[in-house]
Amino acid sequence: MTGRLLPVVWLVAAGIALWTCSAPAQSVTGDLAAPESHRALDSIPADTLINDSLPPPRDEGVDTLVNYSADVIDFDVLRRVTVLSGNATITYKDMTLEAGQIEVDWDRQLLTAAALSDTGFLDTGRTMIDTIIQRGRPHFTQAGDDFFGEEIAYNMKTRYGRVRGGVTTYEDGFYYGEQFKRLSPDVISVQDGSFTTCDDDTPHYHFEAKRLKVMVGRRVVARPVILYMEDVPCLAAPYGIFPQQHGRTSGILIPTFGESASQGRFLRDLGYYWAISDYMDTQASIDYYERFGILGRGGWRYTKRYVLDGDARFDFNTQRQGSQHRRDYSIAAHHNHVLDRNTRLALSGAYASSRTYVQNVGSVQDQLNQQLQSNVTLGKSWDNSPWTMNVNVNYTQYLNLDTWNTTLPAISLSHRSGQLFPPPKAPHNIRGAAAPRETNPPWYRAFSWTYSVAARNELAMPKQLREEGLMLGLIGLDGRPRANLSLRGDDSTTVYQKDGLVHRGGLSANAKLFKYFNFNPRINAVSLWTRRAVRYLADGKQLDRADEYGAFHRTTFDVGGSMTTKLYGLAQNPLGMGASFRHVMTPSVGFTYRPDFSDEAWGYFETATLPDGRSHTYDRFPSSENISGAGGTSQGLSERFSFDVGHLFQMKTGDPELETEKKFDLLSWNMGTGADVKRDSLRWDNLGMSFRTSVPGTIIGPMQNVSLDVTTSHSFYEGAGSRRVRRFFWERDDAKWYAPLDLLSASMDVGFTLQAPSLGEWVGVSDRGAPSALDDTLAVVPEESATEPFNPADLRGQRSRPAEEMRLPATGAPSQLYQMPLSIAVNLRQNRDYVGHSTTSSMSARATFSLTPKWDINFDYTFDLDRKEVRNTNVFVTRDLHCWEATFSWSPLGYRPGYFLRIGLKSPQLRDVKIERHRGAGLGGYF
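A quick note: this is a predicted structure, and the numbers were derived from the prediction, not measured.

A.B. asks: Please explain the overall build of the protein as it appears in this structure.
C.D. replies: Helix and strand counts for the protein come out as 6 helices and 58 strands. Residues counted as buried form 32% of the 927 residues belonging to the protein. Here the contacts in the protein between residues at least 6 apart in sequence split such that 50% fall between residues at least 24 apart. Here the protein displays about 54,200 Å² of accessible surface, and carbon together with sulfur accounts for 56% of that area.

In C-alpha cells:
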C-alpha cells in the first residue's frame, strides 16, 4: 500500500470507527499526516511510519502515554488490538518491552510479546534452508528486572506479568524457567526452573527445581532441588535456600564433612547465624570429631557507630581420652564505649577452666602466647586543657607457668609538651581581641616542658621463693670475691606486692645556632615514691633481709644536649652521564651527664658488713622490688659523648619540564659510637655501621630490584676471649693498617627478584615452534564443522547477551609452555658472631608462576645453609574453574605440617557449596 491514496470515504469511516470504539487517540511524532497514521486491518511499512505514541484509554487505569515503534504496525479496529511486527518496542512508565512481535489488547490493557519465525541457511551462499529459527526474542526490563523469554505477557493496569521459557538475572545469578509469574512487587514464582551463577553458554553446574520462589533482594527458595554438574545429577535435597541479600542475613551455617587420620570422621561448623538488628548479631556452631569429642563456640557482637562496640565469645569442648572424659570451656569479652567526646572506656576479659584448654584447641597464636588477659581502662581528657588521665585495672594469667599478676589500679596523669614561657594571650576583657603577634620571638620561647605521674599497686604470684637473706661469697686465691648465694624460703605461693608513684619531668629546647646548627639542650628527671626500701642486717656469717617500711623517695636525673647539621655536595652531569648526584652528610654530636647515685651522699645505696670484714653494697630501690617503669638506681659517674654520621647518596635523572624526572636513593651509610670519659677503662663504645643500597628496575636479564643491607659492629679494643682488654686493637703486634678495628659481628641481607613475562624469555629460548601446553579444559573450542546455525531462542545459550556476542568463540590461543610468566623473590641472609664463633645463614625464596592462564602456583622455600637442611616449605595452588575455584595448600614441614584442599563455588552467596579435605596436626588448623 506504499504510495497509494486511500479513498476519502474509507478514511472517514475508519475515523468514525476509531472514535466510536474509544480507541486511543493518536500522537504522531514523525512527519506523517494524521490520516495516514492508522489503517484498520492493514499494514504500514517502516518507511512510512517509524514511531507513534498513544495516550491511554480514558478511565481505564493507564495514566500516562504508551510509546511504541516497530517496522510494521497493524491495527484491528473492531477488536481494539494493535500488532507491532519487526523490532517492536513499547515503553510505558519505567517498563520497556522489546520483541519480534508485540500484540496490544487495549480493552484488557495486556501486552503479549513473542519472537518472529524466520528461516536459517546452512551454507554461506544462502541456497539451502536448514531450519526455522526465532528472531527478536522478547526482552522485558522494569525497575532493575531484566527478563528474556519465549513469550512475555504484561498487564499495564496491574503491572504484573508472566514469562514463559524465560531467563533473567538477579545479583550474580541466572534463573531459567518454563514460566515466570510475579506474585507481588518483590516475589516471583518460577515453574520448572533452574538457577546458576555460571555465565557460560552451557553452565558448568545448575540447580533445578519444580518450583522456585524468588524473593528479590532476600533469598531464593527451591523445592525439591537437584544439583547438576553439566547434565549429570549429583545431589538432591527436599528444598534449598539461596541467599540473595547483601550484608548480614540470618540463616543456618552449612557444615563441613570430612575425615582425618588423627581424629577420624568429623562434622565442622554446624550452627546458626542470627542478625538480631542493624546493631548486633550472634552466631553459634559445633564441631563433632569421632575420636576427640565435641567442640562448640558461640559469639555475640554489637556496635553503634561513634558510641560503643564489643563482643563476647564462649567456647567449650568435651574430650574423650580413652575411658576418661573432660569438659573444658573458655569465655572472652571486649567492650569499648565513648562516654563523651573526652571520656573513653575499654574493657576486656578472658577466662579458661583449664590451663591446657588453649594448648588443645586454641589457635597457633594462642598456643604460642599462653596467656589470658583481662583489662579495664578509663581515659579522660578536658577541653582546652593539656592534661589527660588514664585509670587501668588488669589481670594476666600465664597458663604454661600457672602464675598470675594484676594491677589494682594504675592511675596516670600527664601533661603534653608545652612552652615553658608561652606567648601572651588575647585580653579576656576585650571582645574579639587577638593575641599580639611576635615577629621575632625571644630566645626563651624555645624551651618546652613535659610532666607525668603514675601511681600503681601491683600484685603477683610468680611461684618464686621469697629471698630471706644473703650468704656472701668468700675471697678467692686471686683476691676476687666469689658470687653471693641468695637464701630463700620454702613457700612458692607467696603473693608479692609493689606500690608507689613515679614522677617524670623534662625540660628541653630547640634552638638555631649560627644559622646552620640545630642545638637541643635537655634535662630529664625521674622520682620514685614508695613505701618500702630494701635493707640487709648482719647476722653471724650471713645477711638477713629486713626491709624498711615508711615513706621513701629516690630522684635521679641527667643533663645533656645534642647538635646536628647537614652538609650537601652536588655533581651535575659528571662525565656526561646524563644524571645528577647529591651527597647529604648529617653529622651529630651529643653529651649526657649523670651523677654517681651510688655515692653515700645520695642515700640510695647502703653497705652491710659482716664481723669478718666482708661487706655487701646494695641498692635500696632495686628494679625487681619497684613498680613497673621505675627501674633500678643507676651507678657510676657518667660523662658520655655520642658521635653519629649519616651519609645519603642520591641520584636524579630525566627532565622535570618533560615530566620524566626520577629520583631515588643510591646508598645510605650510617655509623655511630660513643665515649664515656669517666670510665676507668674501655671508655669507647663499640662502633656500629650500617649500609643499605637498592637498585630498582631491571639489572641483568630477569634480575630486578636488587637490595643489599649490611650491618657491622666493631670494637676499638683488643679482645681476650669474650672480654676486652685495655689496649687499642691497632696497637697489636700483628695489626694491619687496613683493619684498625676488631670486627665483632656482621649481618648481610641480599634480596632480588627474578621476573620475566615468559619462561622462554628468561632462559633465552624463543617460543617459536615450542610445544604447546595442554589446552585449558575450560576453553571453548569453536566448532568449525557445525551443521546448525546459532538459535538465539535457545534457553541455555541466550542468557541476557546479544546473539552476536554469544556466537563468538573463546578468545586467546592455547597457552604455550614457554609463555608461562614467572616471578621468584630471593632473599639471602647471614649473621656471623666473630666472638662466639657462630654463623647463621639461610636462603628463602617465593616463586609465583602460572602454568596456564587458569593455574596459579605459589611456592615458599626456606633453606638453612649452615645445617644443609630445609627449614620450611609451603605450596599454594589455585585453579580457576570458571564459576568454581580449587585451592590446595600444602605444608610438608614446619610447625604444623598438613594440607588443605577446597573446591567450591566463587559466588559469595554460595560459598558453602564446597568440598574440603584436611590433614595435619591440631584442632585449631586443618586435619
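A.B. asks: I'm lost on the confidence of the model for the protein in this one. Help?
C.D. replies: In low-pLDDT regions, the fine details of the predicted coordinates are not to be read closely. When pLDDT is averaged along the protein, the result is 80, and 80% of the positions lie at 70 or above. The model gives residues 1–59 a pLDDT under 50, and that stretch makes 92 contacts with residues more than four places away or in other chains.

A.B. asks: Quick question: what am I supposed to make of the environment of Ser628 here?
C.D. replies: Locating Ser628 in the fold gives a position in the loop between β44 (615–619) and β45 (638–653). The class of Ser628 is partly exposed, set by a relative accessible area of 44%. Not counting residues up to four positions away in its chain, the partners in contact with Ser628 are Arg456 and Glu458. Of the polar contacts made by the side chain of Ser628, one reaches the side chain of Glu458; its length is 3.0 Å.

A.B. asks: Whenever I open this one, the environment of His337 confuses me. Can you help?
C.D. replies: Along the chain, His337 falls in strand β27 (residues 324–340). Beyond its immediate chain neighbours, meaning those up to four positions away, His337 contacts Val307, Leu308, Thr343, Arg344 and Leu345.

A.B. asks: How do you make sense of the layout of surface pockets when you look at a structure like this?
C.D. replies: To find leftover empty space, a probe the size of one water molecule is rolled over the atoms. The calculated volume of the second largest pocket comes to roughly 1,600 Å³. Contributing to the lining of the second largest pocket are 41 residues, with Ile241, Ile252, Ile254, Asp912 and Val913 lying nearest its centre. Sorting the residues of the lining of the second largest pocket by element identifies β18 (219–229), β19 (232–237), β20 (240–243), β21 (251–253), β22 (256–260), β23 (264–274) and β58 (914–920) as the ones contributing at least two each. Per-class residue counts for the lining of the second largest pocket are 25 nonpolar, 9 polar and 7 charged.

A.B. asks: I keep staring at the pattern of salt bridges and nothing clicks. Help me out?
C.D. replies: Close approach of charged atoms lets side chains of opposite charge pair. Summed over all chains, the structure comprises 38 salt bridges. A salt bridge links Asp287 to Arg297, with the nearest nitrogen and oxygen atoms 2.4 Å apart. Placement of the pair is Asp287 in strand β24 (residues 280–289) and Arg297 in strand β25 (residues 293–304), with a sequence separation of 10 residues. Overall, the relative accessible area of 2% leaves Asp287 in the buried class.

A.B. asks: What am I meant to see in unusual backbone geometry here?
C.D. replies: One can expect most non-glycine residues to show negative phi and most peptide bonds to be in trans. The omega torsion across Arg223 and Pro224 is -25°, close enough to zero to call that bond cis. For Pro224, the location among the structural elements is in strand β18. Here the residue pair Leu408 and Pro409 is connected by a cis peptide bond, since its omega of -15° sits within 30 degrees of zero. Positive phi, close to 50°, is recorded for Asn87, a residue that is not glycine. Within the secondary structure, Asn87 is located in strand β6 (residues 81–92). By relative accessible area, which is 59% here, Asn87 ends up exposed. Notably, Asn573 is not glycine yet its phi reads approximately 50°, a positive angle. Along the chain, Asn573 turns up in the loop between β41 (567–572) and β42 (579–594).

A.B. asks: Looking at this structure, I do not really get empty space enclosed by the protein. What am I missing?
C.D. replies: The full count for this structure, using the stated rule, is 2 cavities of 30 Å³ or more. Reported here for the largest cavity is a volume of approximately 120 Å³. As for the largest cavity, its lining consists of 15 residues, of which Phe140, Phe147, Gly161, Arg162 and Arg182 are closest to the centre. Residue composition of the lining of the largest cavity, by class: 9 nonpolar, 2 polar and 4 charged.

A.B. asks: Please explain the nonpolar core as it appears in this structure.
C.D. replies: Nonpolar side chains tend to gather and get buried jointly when the protein is soluble and globular. Core analysis: the largest hydrophobic core is formed by 43 residues, its most contacted members being Ile102 and Tyr205. Contacts of Ile102, omitting those with residues within four sequence positions, involve Thr82, Val83, Leu84, Ala88, Thr89, Ile90, Leu97, Thr112 and Ala113. Val750, Met820, Ile824 and Ala847 belong to the second-largest nonpolar core, a separate cluster that totals 12 residues.

A.B. asks: Just checking my understanding: could you explain the sheet that holds strand β39 (residues 542–545) for this structure?
C.D. replies: Taken in spatial order, the 4 strands make up an open sheet running β34-β33-β39-β38, and their pairing is antiparallel. Of all the strands in the sheet, the pair left with one neighbour each is β34 (485–488) and β38 (536–539). Across the sheet, the mean angle separating the axes of adjacent strands is 30° when strand polarity is ignored. In this structure, strand β33 (residues 467–471) lies alongside β34, joined through 4 bridges in antiparallel fashion. Bridge pairing links Leu470 to Ser486 in β34.

A.B. asks: Just to check I follow, could you spell out the state of the cysteines for this structure?
C.D. replies: Here, disulfide denotes a covalent bond that connects the sulfur atoms of two cysteines. The final tally for this structure, using the stated rule, is 0 disulfides. The structure places no disulfide on Cys883, whose sulfur is separated from the nearest cysteine sulfur, that of Cys198, by 3.6 Å.

A.B. asks: Where do I start with the side chain of Asp287 in this structure?
C.D. replies: Separated by 2.7 Å, the side chain of Asp287 and the backbone nitrogen of Asp269 make a polar contact. Side chain to side chain, Asp287 and Arg297 meet in a polar contact 2.4 Å long. Look past the residues within four positions of Asp287 in its chain and what remains in contact with it is Leu267, Arg268, Asp269, Gly293, Ile294, Leu295 and Arg297.

A.B. asks: In this structure, what is going on with the pairing of strand β51 (residues 742–756)? I would like to understand it.
C.D. replies: Walk down a regular strand and you will see the side chains alternate between the two sheet faces. Direction of pairing for strand β48 (residues 703–715) relative to β51: antiparallel, over a ladder of 11 bridges. Bridge pairing in β51 links Thr711 to Ser747. As defined by bridge partners, β51 adjoins strand β52 (residues 822–833) across 12 bridges and the pair is classed as antiparallel. Its bridge partner being in β52, Asp749 is matched across the sheet by Arg829.

A.B. asks: How should I be thinking about a nonpolar patch on the surface in this particular structure?
C.D. replies: Taken together, the side chains of Ile252, Leu270, Tyr272, Trp274, Ile276, Ile286, Tyr288, Ile294 and Trp300 define a hydrophobic patch exposed on the protein surface, amounting to about 840 Å² of accessible area. Among the elements of the structure, β23, β24 and β25 are those that each provide at least two residues to the nonpolar patch. Top contributing element to the nonpolar patch by residue count: β23, with 3 residues. Relative to the elements of secondary structure, Trp300 occurs in strand β25. Among the residues examined, Trp300 registers a relative accessible area of 37% and is labelled partly exposed.

A.B. asks: Looking at this model, I keep getting lost on the environment of Asn872. Mind explaining?
C.D. replies: Relative to the helices and strands, Asn872 resides in strand β55 (residues 869–881). Accessibility expressed as a relative area gives 27% for Asn872, which makes it partly exposed. In this structure the C-alpha to C-alpha distance between Asn872 and Asp860, which are 12 residues apart in sequence, comes to 7.8 Å.

A.B. asks: Is there a simple way to think about the pairing of β48 in this case?
C.D. replies: Summarising the sheet, strand β47 (residues 687–700) and β48 pair through 11 bridges and their orientation is antiparallel. Bridge assignment links Arg692 to a residue of β48, and that residue is Asp709. Linking two consecutive strands that pair antiparallel, namely β47 and β48, is a turn of 2 residues; a positive phi of about 60° is found at Gly701 within it.

A.B. asks: Looking at this structure, I do not really get the packing of aromatic side chains. What am I missing?
C.D. replies: Two numbers describe a pair of aromatic rings. These are the distance of the centres and the angle of the planes. In total, this model carries 33 aromatic pairs according to the counting rule given. An angle of 75° between the planes, with centres 6.4 Å apart, marks the rings of Tyr604 and Phe621 as edge-to-face. Linking Tyr604 in the loop between β42 and β43 (605–609) with Phe621 in the loop between β44 and β45, this pair joins segments that are 17 residues apart in sequence. Note on Tyr604: relative accessible area 6%, which makes it buried. With a relative accessible area of 2%, Phe621 lands in the buried category.

What counts as what
Residues numbered from 1 in each chain as written. Predicted model: local features only at pLDDT ≥ 70, side-chain atom pairs only at ≥ 80, totals over all residues. Heavy atoms only, no water. Helix = DSSP H or I, 4+ residues; strand = E, 2+ residues; numbered from the N terminus. Buried < 20%, exposed > 50% of the residue type's maximum accessible area, 1.4 Å probe, protein only. Contact = heavy atoms within 4.5 Å. Areas by Shrake-Rupley, 256 points an atom, 1.4 Å probe, with all protein chains shown as cover. pLDDT = per-residue confidence, 0-100. Polar contact = N/O pair within 3.5 Å; in protein donor to acceptor, adjacent residues only side chain to side chain. 1 Å grid on protein atoms, 1.4 Å probe; cavity = no way out; pocket = protein on both sides within 12 Å on 5 of 7 lines; lining within 4 Å. Points joined across faces, edges and corners; volume = space filled by probe spheres on them. Nonpolar A, V, L, I, M, F, W, Y, C, P; charged D, E, K, R; others polar. Salt bridge = Lys/Arg side-chain N within 4 Å of Asp/Glu carboxyl O. Core = buried A, V, L, I, M, F, W, Y, C linked by side-chain atoms within 4.5 Å. Pairing = 2+ DSSP bridges. Axes fitted to C-alpha atoms, helices over the stretch in contact; angles between N-to-C directions. Disulfide = S-S within 2.5 Å. Patch = residues over 30% accessible without salt bridge, like charges linked within 9 Å, V, L, I, M, F, W, Y side chains within 5 Å. Phe/Tyr/Trp six-rings, centres within 6.5 Å; stacked < 30°, edge-to-face > 60°.

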